[in-house]
Amino acid sequence: MNTEMLKTVSLFQGMNESELHACLDALQAHVQHCRRGRLLLCAGDTAPGIGIVLSGSITIEQSTLPGDLSVLSHVGSGGIFAETYALLQTVPLMVDVRANEDCEILWLAVRSLYGNGSWQNKLNVNLLKVCAGKNLALSERSFHTAPKTIRARVLSYLSAEALRRRSNDFEIPFSRQQLADYLNVERTALSKELGKMQKDGLIQFRGRRFRLCMHD
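Here is what the cut-offs are and how they apply
Residues numbered from 1 in each chain as written. Predicted model: local features only at pLDDT ≥ 70, side-chain atom pairs only at ≥ 80, totals over all residues. Heavy atoms only, no water. Pairing = 2+ DSSP bridges. Helix = DSSP H or I, 4+ residues; strand = E, 2+ residues; numbered from the N terminus. Axes fitted to C-alpha atoms, helices over the stretch in contact; angles between N-to-C directions. Contact = heavy atoms within 4.5 Å. Expected span 1.5 Å × (residues − 1). Buried < 20%, exposed > 50% of the residue type's maximum accessible area, 1.4 Å probe, protein only.

Student: Is there a simple way to explain the sheet that holds strand E9 (residues 169-171) in this structure?
Tutor: In a beta sheet, neighbouring strands are held together by backbone hydrogen bonds and run either parallel or antiparallel to one another. Reading across the sheet, the 3 strands line up as E9-E11-E10 and stay open at both edges, with antiparallel pairing between neighbours. At either end of the open sheet lies a strand with only one pairing partner, and these are E9 and strand E10 (203-206). Sheet twist, expressed as the mean angle between neighbouring strand axes with direction ignored, is 20 degrees. As defined by bridge partners, E9 adjoins strand E11 (residues 209-212) across 3 bridges and the pair is classed as antiparallel. Paired with aspartate 169 across the two strands is arginine 211, which belongs to E11. Where helix H7 (residues 187-199) meets the sheet, its contacts fall on E10 and E11, and the angle it forms with E10 comes to roughly 125 degrees.

Next comes the structure, spelled out in structure tokens:
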């Protein structure tokens, strides 16, 4: 396992080599290889531990009715997922976790999370920051889906991405269908509106690459 890469993961920030190894041993770290499209976790399951994406990406999805899918978030390399359910242990998941592409997942059991060791103190502080960031991301999605029009939802999302990347030219993590699911709109209607927005000079796009012209 590449410990140098793991040191860049937010959950392990501030740990030295010995602390990281102690953490991985105590939390029974193991790697799972997943193929694109596979469900890692299903609604109703209990989380086996905290998941960290080592390579590839996953999506967090919610399905209320057959064919009615909502993409809640995208988690790329170095990202963390299922931490809330892992900590609550007996609470069943309300979402599905799907491999967005071929990926490697590092799983950490949480039964040894509590204690006064140096790695445990650092892990708990980092985990608190991760949970705060997740709450912020969920709040942000509610901002993007609140407007009544598709155009307003798209502009809300793209403007937030431009601020995050500090550039008006960026690549989004979603396919067109995933973006539609994330914004809670129909894919056909979204594609049609994107074309209109490009014609009106608000945006330029090609695949997942977007340029927000209205902020130039």
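Student: Help me understand helix H5 (residues 150-165) in this model?
Tutor: Because each turn of an α-helix spans 3.6 residues, side chains separated by three or four positions end up pointing in the same direction. With 16 residues, H5 extends 22 Å between its outermost C-alpha atoms, agreeing within 8% with the 22 Å of an ideal straight helix rising 1.5 Å per residue. All of the buried residues along H5 are Arg153, Val154, Leu155, Tyr157, Leu158, Ser159, Ala160, Glu161 and Ala162. In this structure, the buried residues of H5 make contact with helix H4 (118-145), E9, helix H6 (176-183), H7, E10 and E11.

Student: Please clarify how unusual backbone geometry should be interpreted in this entry.
Tutor: Both trends apply: most residues other than glycine have a negative phi, and most peptide bonds are in trans. Its identity is not glycine, yet alanine 82 carries a phi of approximately 65 degrees, on the positive side. Note that alanine 82 resides in the loop between strand E6 (80-81) and helix H3 (83-88). A positive phi angle is found at asparagine 184, which is not glycine, with a value near 65 degrees. Structurally, the position occupied by asparagine 184 is in the loop between H6 and H7. Here asparagine 184 falls in the partly exposed class, since its relative accessible area comes to 49%.

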